[in-house]
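So the chains spell out like this:
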Amino acid sequence: MSYSVVWFKKDLRLHDHAALRQALDAGPVLCVFCVEPHLWRQADASTQHYRFVIECLRDLWSELRSVGLKLHVVTADAPDFMERLFAASPFKRIYSHQETGNGASFQRDIAVARWCCAHGVAWHEVPQFGVQRGSANRDAWSRHWHGHMSLPQSTLPTASAHDTVPLPWVEPPPPDALTLGLQQPDKPRRQAGGRAIALQLLRSFIADRSRQYRGGISSPLRAVDACSRSSPYLTWGCLSVREVWQAVQYRRASEAPPAPKHLAGLNAFGSRLHWHCHFIQKLESEPSIEFHNMHRGYDGLRESEHKPEHFAALVSGRTGWPLVDACVAMLRETGWVNFRMRAMLVSVAAYPLWLHWRPVGEWLATEFLDYEPGIHWSQMQMQSGTTGINTARIYNPIKQARDQDPEGRFVREWLPAMRKVPDTWLFEPWRMPAEMQLRCGLRVGGPDADIPTPLVDLERATRLAKIRLFALRAQPEVKAAKAAIVRQHGSRTFVRKRAGKVPPVAVPAQLELL
Ligand SMILES: Cc1cc2nc3c(=O)[nH]c(=O)nc-3n(C[C@H](O)[C@H](O)[C@H](O)COP(=O)(O)OP(=O)(O)OC[C@H]3O[C@@H](n4cnc5c(N)ncnc54)[C@H](O)[C@@H]3O)c2cc1C
């Protein structure tokens, strides 16, 4: 019997799943998700990601069952799985969504493509974002993105029963994280996986929380509710970007129009969905930016100067700058901090601590529940000043604390020692006089201190970093190489603005959200 394999990757949903739809149109299917040991052994993988995925798979399993399909969760690298399945029960086609993943998943996809060629199997890869395969024409990119987002969402054929093919062997349940070699503890307060939770969050955001989006997303305290918190669900595809974008357009255009602040929040959120794909496109077009500077003129800037004590202070949340250490503490517990705090963490690492973005990015990849390689590595480079095309934004952690957490509520929530620090010393506790420390029952500085002293003088170290970066940036050959990077990766805001005026196409019947 001829059948298709539906290979679920980072698209753990039934809704708006074009690959599944095409496979069902072609005949009987076998639905599979591979727990791939090789991918889970990579340095950017962590226990929280794995457990989150397992939770998503439970929802997907139920969703598929509700339409008469069965999800098989198989522990094997995808090329090995295809080989084993083909030997036992030959198939003609694989359907999946296109994936822009890390280097390991890219190599895995190349291996699967080669295997398909060798075995006469057709692999149909369907785009699931506004990302274009390979190198994209950036001038027309925004128009293409809006075109993709405006298309009707994919639905399932209306058959009463779908033809499914059983797995020809009995598969044991997926292993636990430790068996896969994942050593880190799970995050006790991370977001739980699955489409049901994703939909709840999205509904509450679109209906209500988005009112606070503009103005609420910069503060690490307010952002927890003001942001959509949809990122891990977009990363693992529990939600499709298109359904989210269309739900926003639908709310914008509804009969009871949102108040101006609400509308501003929805618009700003919509533009983030555009950024989502804009950043992933960079990695899709140039996979090497996961490992190498986007602008190779910056090679050698930091590589040979890795200071292990700076790195250790950062990852253990002991830099001495309270806002930085509080963000690390929050990440450790929840797997999430807001954009501005992520940018600040990377800026502190890249400038005063002068750390290369690779080890910092690898560490943060394991800390962020929503780790999405295309966004992550592009942002790591952008905030470290190595893209060559973005203005260097250098965040001062003391100024950020004054602006975003003036009363110290955030740092006191995440750093118990800071609860004892009087307001006067909130932003620079290492300056507390010894007698004040005694009175507060605190020790500042020294190896076992309650609060460490920063390893570098912030102002001096940042000034030096700027001098080095700008000296390199001013070199003629570095300047000359910029134009090509803008051509390949730069956003075309003028096109986006024009394209933004295209009336949105939403198909209410398909909007399960509202
Ligand atoms: C160094 C660094 C690393 C980052 N790594 C990731 C990552 O691995 N995965 C990830 O999803 N986001 C990443 N971001 C972007 C951003 O911080 C998160 O998307 C956001 O904080 C997630 O929370 P949310 O879903 O509530 O976001 P919202 O503000 O509600 O945004 C909605 C969605 O838009 C997209 N988005 C938002 N901001 C950005 C942005 N600046 N660039 C691109 N897409 C954006 C995300 O998909 C997000 O889920 C990174 C930012 C920085 C500075």
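The residue count restarts for each chain, going from 1 along the sequence in the order it is written. Whole-chain, interface and lining totals are the exception, using all residues; otherwise, since this is a predicted model, local features are given only for residues with pLDDT of at least 70 and side-chain atom pairs are given and counted only at 80 or more. As a convention, hydrogens and water are excluded, and side-chain values are obtained from all of the structure's heavy atoms.

Participant: Tell me what's going on with the layout of surface pockets, and back it up with residues and numbers.
Facilitator: When its volume is computed, the largest pocket comes out at roughly 1,400 Å³. Here the term cavity refers to a set of points on a 1 Å grid, laid over the protein atoms alone, in which a 1.4 Å probe fits but cannot get out; the term pocket refers to an open set having protein on both sides within 12 Å along at least five of seven lines, with lining residues being those that place an atom within 4 Å of a point. Around the largest pocket, the lining comprises 44 residues; the ones closest to its centre are R272, W275, F339, I375 and Q379. In this description a helix means any DSSP run of H or I spanning at least four residues, a strand means any run of E spanning at least two, and both kinds are numbered starting from the N terminus. Elements supplying a minimum of two residues to the lining of the largest pocket: α10 (231-235), α12 (260-285), α15 (339-350) and α17 (373-384). By residue number, the principal contributor to the lining of the largest pocket is α12, which donates eight residues. In this count, Pro and Cys sit with the nonpolar residues alongside Ala, Val, Leu, Ile, Met, Phe, Trp and Tyr, while Asp, Glu, Lys and Arg are called charged and the others, Gly among them, polar. Within the lining of the largest pocket, the residues separate by chemical class into 20 nonpolar, 15 polar and nine charged. Grid points are joined across faces, edges and corners, and a volume is the space filled by probe spheres set on the points.

Participant: Pulling in residues and values, what's your account of the packing of helix α16 (residues 357-367) against α17?
Facilitator: Axes here refer to lines fitted to C-alpha atoms; in helices the fit is confined to the stretch in contact. Angles between the N-to-C directions go from 0 to 180 degrees. For the pair α16 and α17, interaxial distance at closest approach is 10 Å and the crossing angle is 135°. Our classification of the angle between α16 and α17 gives oblique. As for the relative orientation of α16 and α17, their crossing is right-handed in sense. The segment α16 lies against α17, with W357, R358, V360, G361, E362, L364 and A365 engaging H376, W377, M380, Q381 and S384. Residue composition of the contact of α16 with α17, grouped by class: six nonpolar, four polar and two charged. Orientation is classified from the angle alone, with under 35 degrees giving roughly parallel, over 145 giving roughly antiparallel, 65 to 115 giving roughly perpendicular, and any other angle giving oblique. Left-handed describes a crossing in which the near helix is turned anticlockwise from the far one by less than a right angle; the clockwise case is right-handed. Any two residues whose heavy atoms approach within 4.5 Å at even a single point are treated as in contact.

Participant: Explain the packing of helix α6 (residues 138-150) against α12 to me, and be specific about the residues and the numbers.
Facilitator: At a closest axis distance of 11 Å, the pairing of α6 and α12 adopts a crossing angle of 125°. With respect to α12, the axis of α6 lies oblique. Between α6 and α12 the crossing geometry is right-handed. Packed against α6, whose contacting residues are R138, W141, S142, W145, H146 and M149, the element α12 presents G270, L273, H274, C277, H278, Q281 and K282 at the interface. Partitioned by chemical class, the residues of the contact of α6 with α12 number five nonpolar, six polar and two charged.

Participant: Any chance you could break down unusual backbone geometry for me, citing the residues and the numbers?
Facilitator: In this structure, R229 takes a positive phi of about 65° despite not being glycine. Along the chain, R229 turns up in the loop between α9 (223-226) and α10. A positive phi is found at W354, a non-glycine position, where the angle reads about 50°. Positionally, W354 belongs in the loop between α15 and α16.

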